[in-house]
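Secondary and tertiary structure notes
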Amino acid sequence: MNILLELFVVTFRVLWAFVLAAAKWLVRPKEKSVAGQVCLITGAGSGLGRLFALEFARRRALLVLWDINTQSNEETAGMVRHIYREMAEAAAAAPRAGDGEKDALPHCSLQVYTYTCDVGKRESVYSTAERVRKEVGEVSVLVNNAGVVSGHHLLECPDELIERTMMVNCHAHFWTTKAFLPKMLEMNHGHIVTVASSLGLFSTAGVEDYCASKFGAVGFHESLSHELKAAEKDGIKTTLVCPYLVDTGMFRGCRIRKEIEPFLPPLKPEYCVKQAMRAILTDQPMICTPRLMYMVTFMKSILPFEAVVCMYRFLGADKCMYPFIAQRKQATNNNEAKNGI
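Report on the accompanying structure.

Conventions used here
- Residues numbered from 1 in each chain as written.
- Predicted model: local features only at pLDDT ≥ 70, side-chain atom pairs only at ≥ 80, totals over all residues.
- Heavy atoms only, no water.
- Phe/Tyr/Trp six-rings, centres within 6.5 Å; stacked < 30°, edge-to-face > 60°.
- Helix = DSSP H or I, 4+ residues; strand = E, 2+ residues; numbered from the N terminus.
- Buried < 20%, exposed > 50% of the residue type's maximum accessible area, 1.4 Å probe, protein only.
- Lys NZ or Arg CZ within 6 Å of the ring centre and 35° of its normal.
- Expected span 1.5 Å × (residues − 1).
- Contact = heavy atoms within 4.5 Å.
- Polar contact = N/O pair within 3.5 Å; in protein donor to acceptor, adjacent residues only side chain to side chain.
- Salt bridge = Lys/Arg side-chain N within 4 Å of Asp/Glu carboxyl O.

1. Some thoughts on the packing of aromatic side chains
Inspection of the entire model under this criterion finds six aromatic pairs. Here the aromatic rings of W66 and F180 are separated by 6.1 Å at their centres, their planes lie at 55°, and the arrangement is tilted. Residue W66 is found in strand β2 (residues 62-67), and its partner F180 is found in helix α6 (residues 159-187); the two are separated by 114 residues along the sequence. Neither residue differs from the other here; W66 and F180 are each classed as buried. Ring plane angle 80° and centroid distance 5.0 Å describe the contact between Y210 and F251, whose orientation is recorded as edge-to-face. Placement of the pair is Y210 in helix α7 (residues 208-230) and F251 in the loop between β6 (236-243) and α8 (269-281), with a sequence separation of 41 residues. On the accessibility criterion, Y210 (5% relative accessible area) is buried. What makes F251 buried here is its relative accessible area of 11%. Each residue in the set Y126, F174, W175 and F220 is aromatic and connected to the rest through ring pairs, giving one cluster. Positioned above the aromatic ring of W175 is the side chain of R122, whose terminal nitrogen or guanidinium carbon lies 5.8 Å from the ring centre.

Rendered as structure tokens:
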């Protein structure tokens, strides 16, 4: 094809992509069904992972929950089973004939499976993934949610904690995806969700290891998305989730400028997950919460570095993690004193 003609076609497609994106803002796309599909969530024992599990359970997915903490993982499973029971009781109390999709999957077939897995160790990931395939079946929706934070300044952070942060927050995405993507490719069906962070798009001081791990997760996700497009596997969807500070306790103590904080408070976990679920179920490639994060990312990309520094200082974002790090350090010192270390 003549290069000028091809350039015209590309320009048209780019403009059309803008039109479609704008249309999705005005007309809410229909959410797809995940009923009966196997959904695996890492870090399901608490925080966002637990809330994702509950949301997928309400949509009648078969849940596979991974967490390093067996007890908290079982607690999440108990909540999921309660939702399943409520749906079964409601269906029994008000049977409706010809309800299409809802009648296609008996409520008694809804189950939740729990596995204790350290996603920071690839041997644990691969062996647990093999158990899932044998005991549950092939995974259709993979939610890479597990995450950790060290809470130390770079020069005070033990190397082991830096490695742990990178393994759990970034490398684990490689292992889980390699474990479950082959069958998705074979079937040309599936969905891979990467729960990253706004700190995977722009950074701040004091959490170098965390930012690096989330930047890595974002880069992995974007490259994987391009690879699937290049392979013309359009049946496999990807969604990148980049929330602002979420009030789960993970970054307790983090503060921006007090005059700005009322306009940009920590996100409620429930709100964050509901926004992410809407993006996942409408095959949205990326979701930043709140929407202001899109603007921050854009400004960071076009402004000189010193201008970005000025903005950070005005917002109080340059040292927003320092109170959090100080709290973590104090808690560590208290534990050491209590244990006589």
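2. Points about α8
For α8, spanning 13 residues, the distance from its first C-alpha to its last is 18 Å, which sits close to the expected 18 Å at 1.5 Å a residue. Taken together, the buried positions of α8 are P269, C272, V273, A276, M277, A279, I280 and L281. Buried residues belonging to α8 abut α2 (47-58), β5 (190-195), β6 and β7 (286-289). One or two positions beyond α8, positive phi appears at D283, with a value near 60°.

3. Considerations on the side chain of T204
If you trace the backbone, T204 turns up in the loop between β5 and α7. With relative accessibility at 14%, the residue T204 sits in the buried group. Engagement of the side chain of T204 in a polar contact is seen with the backbone oxygen of A317, the distance being 2.6 Å. From its side chain, T204 meets the backbone oxygen of D318 in a polar contact 3.5 Å long. Those residues in contact with T204 that lie beyond four places of it in its chain are L199, C211, Y312, A317, D318, C320 and M321.

4. Quick notes on the environment of C288
Position of C288 relative to the elements: it lies in strand β7. Look at C288 and you get buried, because its relative accessible area is 2%.

5. Here we look at the pattern of salt bridges
Counting across every chain of the model gives 12 salt bridges. Close ionic contact of E55 with R59 constitutes a salt bridge, the shortest N to O distance being 2.8 Å. For R164, the salt bridge identified is with D118, shortest N-O distance 2.9 Å. Residue R164 is found in helix α6, and its partner D118 is found in the loop between β3 (112-116) and α5 (122-135); the two are separated by 46 residues along the sequence. Connected through shared salt-bridge partners, E55, R58, R59 and K274 make up one network.

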